[in-house]
Amino acid sequence: MAVKDVNTMKIVSKIWRNGAFIDWDDARVHVMTHAIHYGSSVFEGIRAYKAEGGTAIFRLTEHIQRLLNSAKVYRMDVKYNRAELSQAAVELVRDGGLDECYLRPVIFRGLNEEKPAFGVNPFPNPIDCYIAAWDWGKYLGEEALEAGVDVCVSSWTRTPANSLPAVAKAGANYMNSQLIKMEAILGGFSEGIALDDRGYVSEGSGENIFLVNNGKLITPPLGASILPGITRDSVIAIAKELGIEVVETSIQRAALYLADELFFTGTAAEITPIRSVDRITVGAGKRGEVTKQLQDVFFDVIYGRRPAPNNAAWLTYVNESEEQKTATATANE
Ligand code: PPE
């Protein structure tokens, strides 16, 4: 495996497909693929970082489990289990030639070219599994992690859980995200925040959201049509370890304007401060103290400089030395 330079992107030249590594150029689908017409895909986004003990994938098990959960919701029969998919991800990062990268596993309804089946009914189509990897910089811009971003509240409502369940990270959900994102960009914002069908704060097009009020962390509950974000979960665990109270509750739109601090969480966005909403300055209009504290601990954990809360095994080293293996096994006991 090697790294391909495509324009400004550094991409791992191999892609894992249904149990084997193939060339990037061969990882193509037919235009009559079910997923293209009907949005029948589920996916993940995972980051690997150059940690102190070597390159490590952040919360790989949880991401692969969520991928399998998403597939389960959509009755996709995946031939590979959590261990096999995790191993494929490890090999892709280990041999891919990038110290840090973003992994994109995707499972979708494909096309059997010998026995095509068209129409909404997904069942006759094969299930294809892929994992690609590339070097993805800062999601909301280089300055974002320190300076914060300007966002708007979207006029689009997050899809309710009994229409497209947010617990599943399905490709189709991202048509809703695209409406939110396009509206935001055309309005001169970096990102949009959607309200749920009850009018309460839900999430960004590709991030969960947190408020800080009087030193307390407030975030919408899973019932607000949000993806159960793994970064969200990490931030909650870190906050609890630091003695910061965390409240999961319904949040009104206006509370966004009045928060002391506001930030997004996500694999791509990491922890990104929000400095204004609908052109109303949030707090001091720059990254707040609590946000900074959480960011610092988050990156210390990611880079292996500090153990995860409760010594949880959040890092999967791709070149595991015997020493690390023992440490991980002990942490898992
Ligand atoms: N909500 C949504 C809608 C979402 O897409 C993400 C991740 C999150 C919350 C945060 O989840 P987690 O990554 O587990 O903390 N969005 C992924 C895709 C972004 C993209 O543009 O593609 C991501 O951050 O990888």
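Note that this is a predicted model, so its numbers are computed, not measured.

Let us look at the state of the cysteines. This structure, assessed with the given rule, holds 0 disulfides. We note that Cys101 lacks a disulfide partner, and the nearest cysteine sulfur, in Cys129, lies 19 Å from it. The exposure class of Cys101 is buried, given its relative accessible area of 3%.

Taken together, 24 residues sit near the ligand, with Tyr102, Tyr139, Tyr174, Thr231 and Thr267 positioned nearest. Between the ligand and Arg66, the relevant distance is 2.8 Å, taken from an oxygen atom to a side-chain nitrogen or oxygen of the residue. Within the side chain of Tyr102, an N or O atom sits 2.5 Å from an oxygen atom of the ligand. Mapped onto the shell around the ligand, the elements with two or more residues apiece are α2 (60-73), β8 (101-109), β12 (201-204), α6 (230-241) and β16 (261-266). Looking at which domains feed residues into the shell around the ligand, each of domain 1 (3-134) and domain 2 (144-302) gives three or more.

Turning next to the nonpolar core. Membership of the largest hydrophobic core comes to 30 residues, with the highest contact counts inside it found for Ile57, Leu103 and Ile107. A per-element tally of this core places helix α3 (residues 82-96) first, with 6 residues. In contact with Ile57, other than residues within four places in its own chain, are Ile46, Arg47, Ala48, Ala89, Val90, Val93, Leu103, Trp314, Leu315, Thr316 and Val318. If you look at the next biggest cluster of nonpolar residues, it comprises 28 residues, including Ile244, Ile271, Val301 and Trp314.

What follows is about a nonpolar patch on the surface. Together, Val31, Met32 and Phe118 line one region of the surface with nonpolar side chains, adding up to about 300 Å² of accessible area. Its place among the elements puts Phe118 in the loop between β8 and β9 (127-134).

We now examine the pairing of strand β11 (residues 191-195). In terms of residue burial, β11 counts as a mostly covered element, since 5 of its 5 residues are buried. Going residue by residue along β11, you find Glu191, Ile193 and Leu195 tucked away on one face and Gly192 and Ala194 tucked away on the opposite face as well. Each parallel crossover has a hand, and for strand β10 (residues 149-157) linked through helix α5 (residues 173-186) to β11 it is right-handed. For β11 and β12, the ladder comprises 3 bridges, and the chain directions are antiparallel. When the sheet's bridge partners are listed, Ile193 is paired in β12 with Gly204. Taking the residues between adjacent antiparallel strands as the criterion, β11 and β12 are bridged by 5 residues, where Gly199 takes a positive phi near 90°.

The domains assigned to the protein are domain 1 (3-134) and domain 2 (144-302). Counting from both sides, the interface comprises 19 residues of domain 1 and, opposite them, 21 residues of domain 2. Where domain 1 packs against domain 2, one counts 2 salt bridges. Residue Asp233 pairs with Arg59 through a salt bridge whose shortest N-O separation is 2.8 Å. There are 10 residue pairs in polar contact (both at pLDDT 80 or more) connecting domain 1 and domain 2.

Right, let's talk about unusual backbone geometry for a bit. A positive phi angle, close to 55°, is found at Ser225, a residue other than glycine. Taking relative accessible area as the criterion, Ser225 reaches 4% and is therefore assigned buried. Residues other than glycine seldom take positive phi values, yet Asp278 does so here, at roughly 55°. For Asp278, the position within the fold is in the loop between β17 (270-277) and β18 (280-281).

Taken as a whole, this structure holds 19 salt bridges when the rule is applied. Ionic pairing is found between Asp99 and Lys50, a salt bridge with its closest N-O pair at 3.9 Å. Here the residue Asp99 occupies a position in the loop between α3 and β8, and Lys50 occupies one in strand β6 (residues 46-51), the gap between them amounting to 49 residues. Take Asp99: its relative accessible area is 43%, and that puts it in the partly exposed class. A salt bridge links Arg253 to Asp278; the shortest N-O distance between them is 3.0 Å. Within this pair, whereas Arg253 is found in helix α7 (residues 253-258), its partner Asp278 is found in the loop between β17 and β18, the two being separated by 25 residues in sequence.

Here is what the cut-offs are and how they apply
Residues numbered from 1 in each chain as written. Predicted model: local features only at pLDDT ≥ 70, side-chain atom pairs only at ≥ 80, totals over all residues. Heavy atoms only, no water. Disulfide = S-S within 2.5 Å. Buried < 20%, exposed > 50% of the residue type's maximum accessible area, 1.4 Å probe, protein only. Near = heavy atom within 4 Å. Polar contact = N/O pair within 3.5 Å; in protein donor to acceptor, adjacent residues only side chain to side chain. Helix = DSSP H or I, 4+ residues; strand = E, 2+ residues; numbered from the N terminus. Domains from an automatic or database assignment. Core = buried A, V, L, I, M, F, W, Y, C linked by side-chain atoms within 4.5 Å. Contact = heavy atoms within 4.5 Å. Patch = residues over 30% accessible without salt bridge, like charges linked within 9 Å, V, L, I, M, F, W, Y side chains within 5 Å. Areas by Shrake-Rupley, 256 points an atom, 1.4 Å probe, with all protein chains shown as cover. Salt bridge = Lys/Arg side-chain N within 4 Å of Asp/Glu carboxyl O. Right-handed = clockwise from strand over helix to strand, strands pointing away. Pairing = 2+ DSSP bridges.

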